[in-house]
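The lines below spell out each chain.
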Amino acid sequence: MPKFELSEREIDAQALARGLAHARAGACATFEGWVRDHNEGRAVLRLDYQAYAPLAQSEGERIVEEAREKFAIVEARCVHRAGTLAIGDLAVWVGVSAAHRGAAFEACRYIIDEVKKRVPIWKNEHYADGESGWLHPDNTPVEPGQR
Amino acid sequence: MNYRVLYFASLRDRAGMDAEQINSLATDARGLYHELRARHGFTLGEERLRVAINGAFAPWGQTLHEGDEVVFIPPVSGG
């Protein structure tokens, strides 16, 4: 089963969380990213996610693998939506199980932070005023070492 | 040489297409982006993009080969 998945369908968070269960796990931390109705002071009606799927898949897998190397965890998974989403929809889900809560929290945080930084997925927000726009939020140059 | 270029997000909107086949004299992604930037009027500078060649992140100066798939990756906004 892939540790990272791009999904065109609704995310089943409960089923995903059950998949993290293990006899060695005493903690489970999950993160849910939801579509909210505003950004930067503008009213948002819905959004579209576009992804470069093959690279999103491999980079997402790499991030989960990094989390497994950095933290003492048992299982980890991440699912990110693609396509059109409405306000309140679950856009991204991260779940980690571990023997203890510290590693579970830290790995969960690591995965969502790195996904937002590195995985080639883009958000197009549709605003109440009829405008829309792709978000390219990083106004600083990408790290020189990666160029 | 012939390359296949895929576009995403604002670059896709600006180019008005998802992908194109390009015949170019450029031998690396940097040269190819300069050419495409002039053709399509892209506003994102090279310093804000990353490059993927055949599905993997690559340096701007990596030599391109016939048939390579090249993608210029604008700053991402998932999550």
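Let me sum up the structure you'll find in this document. In every chain, residue numbers begin from 1 and rise along the written sequence. Each chain is given a letter, starting from A, and each ligand a number, starting from 1, according to the order in which they appear as written. Totals for whole chains, interfaces and linings use all residues, but because this is a predicted model, local features are given only for residues with pLDDT of at least 70 and pairs of side-chain atoms are given and counted only at 80 or more. Water and hydrogen atoms play no part in the side-chain values, which are based on all heavy atoms of the structure.

1. Side note on the overall build of chain A
Turning to step 1, where the next piece is worked out: Every helix listed is a DSSP run of H or I at least four residues long, and every strand listed is a run of E at least two residues long, numbered separately from the N terminus. Each helix and strand in chain A was counted, giving 3 helices and 9 strands.
Turning to step 2, where the next piece is worked out: Along the chain direction, N to C, the helices and strands of chain A fall in the order β-α-β-β-β-α-β-β-β-α-β-β.
Turning to step 3, where the next piece is worked out: Our radius of gyration looks at C-alpha atoms and nothing else; its globule reference is 2.2 Å times the residue count to the power 0.38. Whereas a compact globule of 147 residues would reach a radius of gyration of roughly 15 Å, chain A reaches 16 Å, a difference of no more than 12%.
Turning to step 4, where the next piece is worked out: Its C-alpha atoms put chain A at 50 × 40 × 25 Å along the principal axes.
Turning to step 5, where the next piece is worked out: Note on exposure labels: buried denotes an accessible area under 20% of the residue type's maximum, exposed denotes more than 50%, and partly exposed covers the range between, all computed with a 1.4 Å probe on protein chains only. A burial count over chain A gives 48% of its 147 residues as buried.
Turning to step 6, where the next piece is worked out: Partitioning the intrachain contacts of chain A with sequence separation of at least 6 by distance along the chain shows that 77% fall at a separation of at least 24.
Turning to step 7, where the next piece is worked out: Here, Shrake-Rupley sampling with a 1.4 Å probe gives the accessible areas, and only protein chains in the shown set may cover a residue. Carbon and sulfur atoms form 49% of the exposed surface of chain A, whose accessible area is close to 7,800 Å².
Turning to step 8, where the next piece is worked out: Here chain A contributes 19 positive and 23 negative side-chain charges, whose respective centroids are spaced 4 Å apart. Should any heavy atoms of two residues lie within 4.5 Å, those residues are counted as being in contact. A positive count includes Lys and Arg, and a negative count includes Asp and Glu. His and the chain ends are not counted in either. All charge positions are set by atom: Lys at NZ, Arg at CZ, Asp at CG, Glu at CD.

2. Some thoughts on the sheet that holds strand β1 (residues 4-7) of chain A
Residues and elements named next belong to chain A.
Turning to step 1, where the next piece is worked out: Strand order across the open sheet formed by 4 strands is β1-β5-β7-β2, with mixed pairing between neighbours. Single-partner strands in this sheet number two, and they are β1 and β2 (27-34). In this sheet, neighbouring strand axes are inclined to one another by 10° on average, regardless of whether the strands run parallel or antiparallel.
Turning to step 2, where the next piece is worked out: At least two DSSP bridges between two strands are required for those strands to pair. As paired strands, β2 and strand β7 (residues 90-98) are joined by 8 bridges and run antiparallel to one another. Bridge assignment links Gly 33 to a residue of β7, and that residue is Val 92.
Turning to step 3, where the next piece is worked out: Axis angles are defined between N-to-C directions and span 0 to 180 degrees, where every axis is a line fitted to C-alpha atoms and, for a helix, only to the segment in contact. Together, β1, β2, β5 (73-81) and β7 form the strand contacts of helix α3 (residues 101-118), whose direction differs from that of β7 by roughly 150°.

3. Quick notes on unusual backbone geometry
Residue and element names in this part refer to chain A.
Turning to step 1, where the next piece is worked out: Look at Glu 40: it is not a glycine, yet its phi comes out positive at around 50°.
Turning to step 2, where the next piece is worked out: Summarising the element assignment, Glu 40 is placed in the loop between β3 (38-39) and β4 (42-51).
Turning to step 3, where the next piece is worked out: For Glu 40, a relative accessible area of 74% translates into the label exposed.

4. Re helix α2 (residues 53-70) of chain A
Residues and elements named next belong to chain A.
Turning to step 1, where the next piece is worked out: With 18 residues, α2 should cover 26 Å at 1.5 Å per step; its first-to-last C-alpha distance of 26 Å lies within 8% of that length.
Turning to step 2, where the next piece is worked out: Within the span of α2, buried status applies to Leu 55, Ala 56, Glu 59, Gly 60, Ile 63, Val 64, Glu 66 and Ala 67. Down the axis of α2, the buried side of the element spans an arc of 165°, and every buried residue falls inside it. Turned more than 90 degrees off the buried face of α2, the exposed positions are Pro 54 and Glu 69. Expected helix span is given by 1.5 Å per residue-to-residue step, counting one fewer step than there are residues. Arc definition: it is the arc formed by the directions from the helix axis to the C-beta atoms.

5. Brief notes about the packing of α2 of chain A against α3 of chain A
All names here are of chain A.
Turning to step 1, where the next piece is worked out: At a minimum axis separation of 10 Å, α2 and α3 run at an interaxial angle of 150°. Accordingly, the angle class assigned to the pair α2 and α3 is roughly antiparallel. In this structure, the crossing between α2 and α3 has a hand that is right-handed. Residue-level contacts link Glu 59, Arg 62, Ile 63, Val 64, Glu 66, Ala 67 and Lys 70 of α2 to Ala 107, Tyr 110, Ile 111, Glu 114, Val 115 and Arg 118 of α3. Should an angle fall under 35 degrees it is taken as roughly parallel, and over 145 as roughly antiparallel, whereas 65 to 115 is taken as roughly perpendicular and any remaining angle as oblique. Put simply, a crossing is left-handed when the front helix is turned counterclockwise from the back one by less than a right angle, and right-handed when it is turned clockwise.

6. Comments concerning the nonpolar core
Residue and element names in this part refer to chain A.
Turning to step 1, where the next piece is worked out: Ile 73, Cys 78, Val 96 and Ile 111 are the most contacted members of the largest nonpolar core, which totals 31 residues.
Turning to step 2, where the next piece is worked out: Elements that contribute at least two residues to this core include exactly β2, β4, α2, β5, β7 and α3.
Turning to step 3, where the next piece is worked out: When residues of this core are assigned to their parent elements, the largest contribution, 8 residues, is made by α3.
Turning to step 4, where the next piece is worked out: Beyond its immediate stretch of four places on either side in the chain, Ile 73 contacts Ala 67, Arg 68, Val 96, Ser 97, Ala 98, Ala 103 and Ala 107. To form a nonpolar core, buried Ala, Val, Leu, Ile, Met, Phe, Trp, Tyr and Cys residues must be joined to one another through side-chain atoms within 4.5 Å.

Keep in mind these values describe shape, not function.
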